[in-house]
Structures are given as C-alpha cells and as structure tokens.
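Tertiary structure, described
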Amino acid sequence: MPKIVDHDRYRKELLKGCLDLFAARGYGSITMRQIAKGLGVSTGTLYHYFPSKESIFIQLVQELCEQDIYNFLAQAPEVDDLEGRLQAIMDFVLQHRQYYHQQLLLWMDFSQQTRPNPDSDIQALREVWQRTRELLAGYLQLSKPELVDFVMVFIDGLVLQYIYDHGCDVAITETPSFEQQSQLMIQMVMHHEQNCS
C-alpha cells in the first residue's frame, strides 16, 4: 500500500526548519542547495514544495505571523479595559523579544536582498501586516485604526532598540527599559483614546 503523505503538513515542517537556517546564514547568503542540505532533503524535494528561496521566505513569514497571532490570542487574558489589553500585548512581546529580534533581522536582510525587484512578493508581506493589524484591532477595540498602526510600529521600534542595545559592547544606561517604554506607549494610547472618544 502506498504511503500517504500530508503535503501541507510536510511543507510546514520544512518551513519550520528553514527559520533556523535563514537565521544562521541570512537570507542573502544561503542557497536552495544549502537549505535542502540543512533540512536533510533533496534539492528536488525542496523545489517540489517551493519554487524559489523567495517563496520559502514569504511562506515562512506568513506561517510565523499566523502562528504568532494564534499564540497570542490563545493566551491573551480577557480584560475589559484598554490598558489591560495593551499590557497583555506588550507582555507577550517582552516574553518573546529575542524571537522578534531574529525575525526583524531576517525581514531587513530579505528587504535588502530583494531591493532590485521590490514588487517580487512584497504584496504577500503587506497582506501579513494587514492580517496582523486586523486581528490586533479586534483585540484592542480602539476607536481609531491608526492607533493600531502606532502600536505595531512602536513594537517594531522596541525590537530595533533591543538590537541596538544588545549589539553594543557597552551598556547604554540612559536608554529607558523595555518595560518603561511600554508603559509610556500605553499611557500615550490611553490618553489619545480618551481624548478622541
């Protein structure tokens, strides 16, 4: 009897292994052959599931973002107030900041490497941003959509600050902590929401 393969599940398993490969080598430095070798599959098998390295990366980003949203919503506390919902998001980001640090570096590397062809699959990345935005908007229940964008951009900025702080040989003592900056953002959003309602 022939072996039945769940192709979607196998594709997701391959993608999961790709995150560490991209993180270790960088998007621009790794080839399809090296990815296949790192995953322990033939190049033909890899091409069967993914037509290109760019396709692997785009699907990986989509998968990671869906997983992040699912993980957050699964553990997010049900709170009635905006401050508690914002705090839950910031606690989640703080708990996973090393992971988001790795993701942000990969996104920047991908963006730099695909710059000559900026429309390649950038639409897929826009859709990931939009999906994340919609789900956060539903959770936060803010009156203005631009406040959701502000929260997302603020989180990216915090992750970038984390990269700066951990890339230095000397500790930057005058930089406010992640927690302090999170509290400042929460108070800004709360103030804006209260004054615009």
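Please refer to the structure placed before this passage.
Now for a quick tour of the structure.

The rules behind the values
Residues numbered from 1 in each chain as written. Predicted model: local features only at pLDDT ≥ 70, side-chain atom pairs only at ≥ 80, totals over all residues. Heavy atoms only, no water. Helix = DSSP H or I, 4+ residues; strand = E, 2+ residues; numbered from the N terminus. Buried < 20%, exposed > 50% of the residue type's maximum accessible area, 1.4 Å probe, protein only. Contact = heavy atoms within 4.5 Å. Areas by Shrake-Rupley, 256 points an atom, 1.4 Å probe, with all protein chains shown as cover. Patch = residues over 30% accessible without salt bridge, like charges linked within 9 Å, V, L, I, M, F, W, Y side chains within 5 Å. Salt bridge = Lys/Arg side-chain N within 4 Å of Asp/Glu carboxyl O. Lys, Arg positive; Asp, Glu negative; His and termini not counted. Charge placed at Lys NZ, Arg CZ, Asp CG, Glu CD. Phe/Tyr/Trp six-rings, centres within 6.5 Å; stacked < 30°, edge-to-face > 60°. Core = buried A, V, L, I, M, F, W, Y, C linked by side-chain atoms within 4.5 Å. Expected span 1.5 Å × (residues − 1).

Remarks on the overall build of the chain
Each helix and strand in the chain was counted, giving nine helices and zero strands. When its helices and strands are written in sequence order, the chain yields α-α-α-α-α-α-α-α-α. By the burial criterion, 38% of the 197 residues in the chain qualify as buried. Looking at the chain alone, contacts between residues at least 24 apart form 71% of all its contacts between residues at least 6 apart. As displayed, the chain has an accessible area near 11,900 Å², and 53% of this comes from carbon and sulfur atoms.

Some words on a nonpolar patch on the surface
On the surface, a cluster of nonpolar side chains totalling about 270 Å² of accessible area is made up of Phe 150, Leu 184 and Met 188. Counting through the fold element by element, Phe 150 comes out in helix H8 (residues 145-166).

Here we look at the side chain of Gln 103
Mapped onto the elements, Gln 103 comes out in helix H6 (residues 97-113). If sequence neighbours within four positions are ignored, Gln 103 has contacts with Leu 64 and Asp 68.

Focus on a negative patch on the surface
A grouping of Glu 78, Asp 80, Asp 81 and Glu 83 is seen on the molecular surface, where their side chains present a negatively charged patch. Along the chain, the position of Asp 81 falls in the loop between helix H4 (53-75) and helix H5 (82-95). Here Asp 81 falls in the partly exposed class, since its relative accessible area comes to 39%.

A look at unusual backbone geometry
Despite not being glycine, Gln 141 has its phi angle at roughly 55 degrees, a positive value. Within the fold, Gln 141 resides in the loop between helix H7 (122-140) and H8. The class for Gln 141 is exposed, based on a relative accessible area of 55%.

Considerations on the packing of aromatic side chains
Inspection of the entire model under this criterion finds 10 aromatic pairs. Both rings, one in Tyr 27 and one in Phe 57, keep their centres 5.3 Å apart while their planes meet at 70 degrees; by these two values the pair is edge-to-face. Highlighted residues: Tyr 27 in the loop between helix H1 (7-25) and helix H2 (32-39) and Phe 57 in helix H4, separated in sequence by 30 residues. The exposure class assigned to Phe 57 is buried, which follows from its relative accessible area of 1%. Here Tyr 27 and Phe 110 contribute two aromatic rings whose centre-to-centre distance is 4.9 Å and whose plane-to-plane angle is 80 degrees, an arrangement assigned as edge-to-face. Of this pair, Tyr 27 sits in the loop between H1 and H2 while Phe 110 sits in helix H6, and the two are 83 residues apart along the sequence. Each member of the pair, Tyr 27 as well as Phe 110, carries the same accessibility label: buried. In this structure an aromatic cluster arises from ring pairing among Phe 22, Tyr 27, Phe 57 and Phe 110.

Some words on the nonpolar core
The biggest cluster of nonpolar side chains holds 29 residues, and the ones touching the most others in it are Leu 86, Ile 89, Met 90, Leu 140 and Met 185. Contributions of two or more residues to this core are made by H5, H6, H7, H8 and helix H9 (178-196). A per-element tally of this core places H8 first, with nine residues. Leu 140 has contacts with Leu 82, Arg 85, Leu 86, Ile 89 and Val 151, leaving out every residue within four places of it along the chain. In this structure, Ile 30, Leu 46, Leu 60 and Leu 64 belong to the second largest nonpolar core, which totals 27 residues.

Details of H1
Here H1 spans 27 Å end to end across 19 residues, near enough to the 27 Å set by a 1.5 Å rise per residue. Every buried residue of H1 is accounted for by Arg 11, Leu 14, Leu 15, Cys 18, Leu 19, Leu 21 and Phe 22. Check the buried side of H1 and you find it contacts H2, helix H3 (43-49), H4 and H6. Positive phi appears at Gly 26, one or two residues downstream of H1, with a value of about 90 degrees.

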